[in-house]
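Summary of the model geometry
Take a look at the letters that make up each chain.
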Amino acid sequence: MIQRNIDWGMQEEMQMAVALVLGGGRGTRLYPLTSERAKPAVPFGGRYRLIDIPLSNCIHSGINRIFVLTQFNSASLNRHISSTYAFDAFGGGFVEILAAEQTREYGDWFQGTADAVRKHMRHFRNMRISHYLILSGDQLYGMDYRQLMTTHMAQEADITVAVLPVTKEAARGFGILKVDEEGRIREFVEKPRAEEEFTQLVTPQDVLEKYGLAELDKRQYLASMGVYVIKAEVLETILNERRDWIDFGKDVIPKSLKTHRVYTHPFLGYWEDIGTVRSYYEVSLQLVRPDPPFEFKSPDHEVYTHPRHLPGSRVNNATIKDSFLCEGTCVHSKLVENSIIGIRSILQPDSEIRNSIIMGSDYYEYECPTPQAIPVGVGRGSRITQAIIDKNARIGQNVVIEGADHLHDADGEGWSIRDGIVIVLKNAIIADGTKIGAAAEAAGAK
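Residues numbered from 1 in each chain as written. Predicted model: local features only at pLDDT ≥ 70, side-chain atom pairs only at ≥ 80, totals over all residues. Heavy atoms only, no water.

1. Focus: the environment of Ile436
- With respect to the helices and strands, Ile436 occurs in strand E32 (residues 435–437).
- Taking C-alpha positions, Ile436 is 29 Å from Ser313, a pair spaced 123 residues apart along the chain.
- Not counting residues within four places of it along the chain, the set of residues in contact with Ile436 comprises Val400, Ile401, Glu402, Trp415, Val422 and Ile430. (Helix = DSSP H or I, 4+ residues; strand = E, 2+ residues; numbered from the N terminus. Contact = heavy atoms within 4.5 Å.)

2. Description of empty space enclosed by the protein
- A complete count under the given rule lists four cavities of 30 Å³ or more for this structure.
- Estimated volume of the largest cavity: approximately 80 Å³.
- Forming the boundary of the largest cavity are 14 residues, of which Ile358, Gly360, Val376, Gly377 and Ala393 lie nearest the centre.
- Sorting the residues of the lining of the largest cavity by element identifies strand E20 (346–347) and strand E23 (377–378) as the ones contributing at least two each. (1 Å grid on protein atoms, 1.4 Å probe; cavity = no way out; pocket = protein on both sides within 12 Å on 5 of 7 lines; lining within 4 Å. Points joined across faces, edges and corners; volume = space filled by probe spheres on them.)

3. A few points about the sheet that holds strand E18 (residues 335–337)
- The six strands lie next to each other as E15-E18-E21-E24-E27-E32, forming an open sheet whose pairing is parallel. A single partner strand is all that each edge strand has here, and the edge strands are strand E15 (319–321) and E32. Pairs of neighbouring strands in the sheet enclose a mean axial angle of 5°, with direction left out of account.
- Summarising the sheet, strand E27 (residues 400–402) and E32 pair through three bridges and their orientation is parallel. Each residue of the ladder has a partner; that of Ile401, found in E32, is Ile436. (Pairing = 2+ DSSP bridges. Axes fitted to C-alpha atoms, helices over the stretch in contact; angles between N-to-C directions.)

4. A word on the sheet that holds strand E29 (residues 415–418)
- One open sheet accounts for seven strands, arranged E16-E19-E22-E25-E30-E29-E28; its pairing is mixed. With partners counted over all chains shown, the strands left at the sheet margins are strand E16 (324–325) and strand E28 (410–412), one partner each.
- As paired strands, strand E19 (residues 340–341) and strand E22 (residues 357–358) are joined by two bridges and run parallel to one another. Note on E22: the bridge partner recorded for Ile340 is Ile357.

5. Overview of the pairing of strand E30 (residues 421–424)
- By the alternation rule, side chains of E30 split into Ile421 and Ile423 and Val422 and Val424, which are all buried.
- Taken together, the three bridges between strand E25 (residues 387–389) and E30 define a ladder with parallel strand orientation. Within E30, the position partnered with Ala387 by the bridge is Val422.
- Pairing of E29 with E30, which is carried by four bridges, proceeds in the antiparallel orientation. Within the sheet, the bridge partner assigned to Trp415 lies in E30 and is Val424.
- Where E29 folds back on E30, the antiparallel hairpin that results is connected by two residues, among which Asp419 adopts a positive phi of roughly 55°. (Buried < 20%, exposed > 50% of the residue type's maximum accessible area, 1.4 Å probe, protein only.)

6. Side note on the side chain of Thr34
- Within the secondary structure layout, Thr34 lies in the loop between strand E1 (17–22) and strand E2 (43–44).
- Within the local environment of Thr34, its side chain forms a polar contact with the backbone nitrogen of Tyr31, the two atoms lying 3.5 Å apart. (Polar contact = N/O pair within 3.5 Å; in protein donor to acceptor, adjacent residues only side chain to side chain.)

7. Some remarks on the nonpolar core
- In terms of nonpolar packing, the biggest core is built from 41 residues, with Leu55, Val68, Ile81, Leu135, Tyr141, Tyr145 and Met225 touching the most fellow members.
- For this core, the element with the most residues is strand E11 (residues 221–231), which contributes five residues.
- In this structure, Tyr141 is in contact with Ile53, Asn57, Leu135, Met225, Val227, Phe267, Tyr270, Trp271 and Phe294, ignoring residues within four places of it in sequence.
- Among the nonpolar cores identified, the runner-up in size contains 39 residues, and Phe124, Leu177, Ile238 and Trp245 belong to it. (Core = buried A, V, L, I, M, F, W, Y, C linked by side-chain atoms within 4.5 Å.)

8. Things to note about helix H10 (residues 248–255)
- Every buried residue belonging to H10 is among Phe248, Gly249, Asp251, Val252 and Ile253, and all of these are buried.
- Capping of H10 at its N-terminal end is provided by Asp247; its side-chain oxygen lies 3.0 Å from the backbone amide nitrogen of Gly249.

9. A short note on helix H11 (residues 277–286)
- For H11, the buried fraction is high: seven of the 10 residues fall into the buried class.
- Among the residues of H11, Val277, Ser279, Tyr280, Tyr281, Val283, Ser284 and Leu285 are the ones counted as buried.

10. Structural notes on the packing of aromatic side chains
- Taken as a whole and assessed by the stated rule, the structure comprises 12 aromatic pairs.
- Each ring, one from Phe67 and one from Phe124, has its centre 4.9 Å from the other, and the planes form 55°; the classification is tilted. With Phe67 in strand E4 (residues 65–70) and Phe124 in the loop between helix H4 (113–119) and strand E6 (131–136), this pair connects stretches of sequence that are 57 residues apart. When sorted by exposure, Phe67 lands in the same class as Phe124, which is buried.
- Through a chain of ring-to-ring contacts, the aromatic side chains of Phe44, Tyr48, Tyr270, Tyr280, Phe294 and Phe296 assemble into a single cluster.
- The ring centre of Tyr48 lies 5.3 Å from the NZ or CZ of Arg47, which sits over that ring.
- The ring of Tyr364 has Arg344 lying over it, and the distance from NZ or CZ to the ring centre is 6.0 Å. (Phe/Tyr/Trp six-rings, centres within 6.5 Å; stacked < 30°, edge-to-face > 60°. Lys NZ or Arg CZ within 6 Å of the ring centre and 35° of its normal.)

11. Topic: the pattern of salt bridges
- In the structure shown here, the tally under the stated rule is 23 salt bridges.
- Here Asp115 and Arg118 are joined by a salt bridge, their closest N and O atoms 3.2 Å apart. Of this pair, Asp115 and Arg118 both sit in helix H4, separated by three residues, roughly a single helical turn. Across the pair, exposure class does not vary: Asp115 and Arg118 are buried alike.
- Several salt bridges converge on common partners, so that one network encompasses Lys334, Glu337, Glu352 and Arg354. (Salt bridge = Lys/Arg side-chain N within 4 Å of Asp/Glu carboxyl O.)

12. Thoughts on the side chain of Gln155
- Relative to the assigned elements, Gln155 resides in the loop between helix H5 (145–154) and strand E8 (159–166).
- In this structure Gln155 comes out as buried when scored by relative accessible area, which is 18%.
- A distance of 3.2 Å separates a polar atom in the side chain of Gln155 from the backbone oxygen of Glu182.
- When residues no more than four places from it in sequence are discounted, the contact partners of Gln155 are Glu182, Arg261 and Tyr263.

13. Quick look at a positive patch on the surface
- A surface patch of positive charge is lined by Arg29, Lys191, Arg193 and Lys250.
- As for its position among the elements, Arg193 is in the loop between strand E10 (185–190) and helix H7 (195–201). (Patch = residues over 30% accessible without salt bridge, like charges linked within 9 Å, V, L, I, M, F, W, Y side chains within 5 Å. Areas by Shrake-Rupley, 256 points an atom, 1.4 Å probe, with all protein chains shown as cover. Lys, Arg positive; Asp, Glu negative; His and termini not counted. Charge placed at Lys NZ, Arg CZ, Asp CG, Glu CD.)

And the structure:
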């Protein structure tokens, strides 16, 4: 009986919360995948979008009032959300995109994450809100935000930061928190470098034991995940009174430590930031391993996305190893290995795909525009290695695309190289016999 009362109280609390998913700016670190779409709309895992991760977490956590804040290339994101997330008309739930807009009060672009929320605050003022849940649109993890809220309320906190235990080496890329024995944050250092900083930021052993982290070898630092729960009145006051605080990670969290009760909530599950082309590529290919660190479909935490009425994959005389084949694909390739083959992908005979992501297509092309045109998909005899092929790309016959870690960033007609990975742009046409990346380098050396 007591447990039911607690569950009901938490369910009611989550219904009073509003989630704000920060869509990011231009997404320059993920370019060219963000050249025609907002960062949260980038395809992921063959059939999903990055935005599906935080939205699914919210749904499983009982939060059904969700705003997605963005300011660049939001058309495809809007289409995906409007066609995917439709709640019960009587439940009051919604997922709504708030794009940057000019008003009488504000006429410029978002200057940071907190500034984005400030400039949209007028949309929230007439809603009954107890807490704001601040989320990122480019992270891969599965979290029950009810546990975060439970920690927040038990500590009587104004702000609670979800934290991840990391090693000293990994700590160099995060905002690292120093906490006291109660879990209250006393200091925040962005990407520490000096040895004395690391010494001061080591989490005390008794705190690690309290959090159940004592057995984690060398993960003695607590890193901010960029996931926050903040009392509504606290956030509204901060954004109104501190107009120069424009970012949550750089301003709101560290500068509130002396004036507000700011606590941590430890998260022990899998979490990865997908902010760069390299991280997008590496995290994606982790998912095709026999023992992937993250599952899109689990009994209690399914990742939702747009439902499609597509036929099953057709595979003819092909060898498939450690790969995803999404619905609607047609594979005649000689080999697909350690790769993700997205929806409606067409791989012609004798092609080879290794260590690559083929995003697929938005449509089926039943006949080419002209007899000479290159059809959508990967052409006969083409070889693709360490590459990302964006949607609707037309790869001709006997094309060789080969990424390599030693390659420098470069841009060509319909393609780019970032972090040693070749990216063929959305809707690009790659002519028969083209060589790109290490293949072009090798051909030039002969």
